[in-house]
Amino acid sequence: GQVVPHDAANIMLLDADGDTLSIACHHGYVEHGAKIDEIERQFSLRTMPILSKAAHNGQSVGISDTHADSTWTFFPASKWIKSYLTVPIQIRQTTVGFLNLDSGTTNFFNSGHAERLQAFAHHAAIAINNAQLYKDMKIMAVTDALTGIYNRAFFETELARIELGRDFPVSIIVADLDELKTTNDVLGHTAGDELIKNVAQILQETFRAADIIARIGGDEFAILLPNTNSATAKHMLLRVHTKIMEYNATHPHLPVQLSLGSSTAGQGSLMEAFITAD
């Protein structure tokens, strides 16, 4: 608002598909009668010619009178808007989103506003890029590069955290992928990597969102189950076996074989439970 005056503003970010737009932050619309669900929704870049033009040219685009412009896209939350200014947010010449300003006054934005907004968007792009890089680094620090599930470092951190909490009983399941070395020797490491990824997928499809699934070694996986007694843990083991049978029935060329163990801690050392399960 100190750079360019306006009545409402939002930042739209573009998904990896290059078409889906989501409003990352906004202000001023609720004050003009818009409902949150009308604002915080997804849009398609293909259906918004103004934004498509801005993305293609890499320059700001303004509309002096939205009610007289055929390219303006009307939404319930935008009925009050009379003039509009947008600038693409670009990182390494690729549009990642848009900075949009709205006014309830016709002919409100001018060329000076557009220039200042363009300069501001450049700084916004740097900030967004840094935030995304930081987020990616945080994800990389706790996830296994091959499978995308958690790594051993994160698993051990969670062991220590949950041990101090109130989520007992806690069960731990350890799974060893059998015959990985044989697969690598006979079919190659690409097939071995595929086998490891398949195990991770099976585990993700089996366990709950609150359970922590990690690859803790080359052929070893562990699942941390908060608020789970031994009976439920045994039931989860049966579910794993069922999932493996279903998977192998449709993938006979590269079947999965797992050795599984579990242990439950009513309280106390989770590391001891982990060693027992292992």
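My aim in this report is to walk through the structure given alongside it, one point at a time. (Residues numbered from 1 in each chain as written. Predicted model: local features only at pLDDT ≥ 70, side-chain atom pairs only at ≥ 80, totals over all residues. Heavy atoms only, no water.)

## As for the sheet that holds strand E8 (residues 170-177)
The strand order E7-E9-E10-E8-E11 describes an open sheet built from five strands, whose pairing is mixed. The open sheet terminates on both sides in strands that have one partner only, identified here as strand E7 (150-151) and strand E11 (258-265). The pairing of E8 with strand E10 (residues 220-225) spans six bridges and is classified as antiparallel. In the strand pairing of E10, Val174 is matched with Ala222. The sheet strands contacting helix H4 (residues 152-163) are E7, E8, strand E9 (212-215) and E10, and the helix crosses E10 at an angle near 25°. Contacts from helix H7 (residues 230-250) reach E8, E10 and E11, with the element oriented near 165° to E11. (Pairing = 2+ DSSP bridges. Helix = DSSP H or I, 4+ residues; strand = E, 2+ residues; numbered from the N terminus. Contact = heavy atoms within 4.5 Å. Axes fitted to C-alpha atoms, helices over the stretch in contact; angles between N-to-C directions.)

## Regarding the layout of surface pockets
One way to see where empty space is left: roll a probe the size of a water molecule over the atoms. The calculated volume of the largest pocket comes to roughly 200 Å³. Along the wall of the largest pocket there are 14 residues; nearest its centre are His6, Ala9, Leu99, Leu101 and Phe120. When residues of the lining of the largest pocket are traced back to their parent elements, those giving at least two are strand E1 (8-14), strand E2 (20-27), strand E6 (94-103) and helix H3 (111-142). Of the residues contributing to the lining of the largest pocket, the split by class is nine nonpolar, five polar and no charged. (1 Å grid on protein atoms, 1.4 Å probe; cavity = no way out; pocket = protein on both sides within 12 Å on 5 of 7 lines; lining within 4 Å. Points joined across faces, edges and corners; volume = space filled by probe spheres on them. Nonpolar A, V, L, I, M, F, W, Y, C, P; charged D, E, K, R; others polar.)

## Focus on unusual backbone geometry
Geometrically, the link from Phe168 to Pro169 is a cis peptide bond, its omega value of 0° lying close to zero. Considering the arrangement of structural elements, one finds Pro169 in the loop between H4 and E8. Phi is positive for Gln93, close to 65°, though the residue is something other than glycine. The topology assignment puts Gln93 in the loop between strand E5 (83-91) and E6. Judged by its relative accessible area of 77%, Gln93 falls in the exposed class. Despite not being glycine, Glu179 shows a phi value in the positive range, around 60°. Inspection of the secondary structure assignment puts Glu179 in the loop between E8 and helix H5 (180-187). (Buried < 20%, exposed > 50% of the residue type's maximum accessible area, 1.4 Å probe, protein only.)

## Focus: the nonpolar core
Soluble, globular proteins show a tendency: their nonpolar side chains are buried together. Residues Leu203, Phe207, Phe221, Val256 and Leu258 are the most contacted members of the largest nonpolar core, which totals 25 residues. Within the residue set of this core, elements represented by two or more residues are E8, helix H6 (189-206), E10 and H7. Among the elements that line this core, the one with the most residues is H6, at seven residues. The residues contacting Phe207, other than those within four sequence positions of it, are Ile173, Ile213, Ile223, Leu225, Met236 and Val240. Counting 23 residues, the second largest nonpolar core, distinct from the first, contains Ala8, Met12, Leu51 and Ile63. (Core = buried A, V, L, I, M, F, W, Y, C linked by side-chain atoms within 4.5 Å.)

## What about the side chain of Asn10?
For Asn10, the position within the fold is in strand E1. If we skip the residues at most four places from it in the chain, Asn10 touches Ile23, Cys25, His26, Tyr29, Phe98, Leu99, Asn100 and Asp102.

## What about the sheet that holds E6?
Here six strands make up an open sheet; going across it, the order is E3-E2-E1-E6-E5-E4 and the pairing antiparallel. Each of the sheet's edge strands pairs with one partner strand only, and the pair in question is strand E3 (42-44) and strand E4 (61-63). Mean inter-strand twist for the sheet, computed between neighbouring axes without regard to direction, equals 25°. Strands E1, E2, E4, E5 and E6 of the sheet are contacted by helix H2 (residues 49-57), whose axis makes an angle of about 40° with E5. In the packing of H3 onto the sheet, contacts are made with E1, E5 and E6, and the angle to E5 comes to roughly 40°.

## So, the pattern of salt bridges
Taken as a whole, this structure holds eight salt bridges when the rule is applied. As a salt-bridge pair, Arg161 and Glu158 come within 2.7 Å of each other at their nearest N and O atoms. Taken together, the residues Arg161 and Glu158, both in helix H4 and three residues apart, mark about one turn of the helix. On the accessibility criterion, Glu158 (9% relative accessible area) is buried. (Salt bridge = Lys/Arg side-chain N within 4 Å of Asp/Glu carboxyl O.)

## Some words on the environment of Arg116
You can see Arg116 is positioned in helix H3. Between the alpha carbons of Arg116 and Val61 there is a distance of 13 Å; along the sequence they are 55 residues apart. The residues contacting Arg116, other than those within four sequence positions of it, are Val3 and Val4.

## Some remarks on H4
Helix length check: H4 (twelve residues) gives 16 Å between terminal C-alpha atoms against 16 Å at 1.5 Å per residue, within 8%. Every buried residue belonging to H4 is among Phe154, Phe155, Glu158, Leu159 and Ile162, and all of these are buried. Looking straight down H4, one finds that the buried residues subtend no more than 145° of arc, so they occupy a single side. Where H4 is buried, its residues contact H3, E7, E8, E9, E10 and helix H8 (270-277). For H4, the side-chain oxygen to backbone nitrogen distance between the N-cap and Ala153 is 3.3 Å, and the N-cap itself is Asn151. (Expected span 1.5 Å × (residues − 1). Arc of directions from axis to C-beta. Polar contact = N/O pair within 3.5 Å; in protein donor to acceptor, adjacent residues only side chain to side chain.)

In short, shape yes, function no, at least from these values alone.
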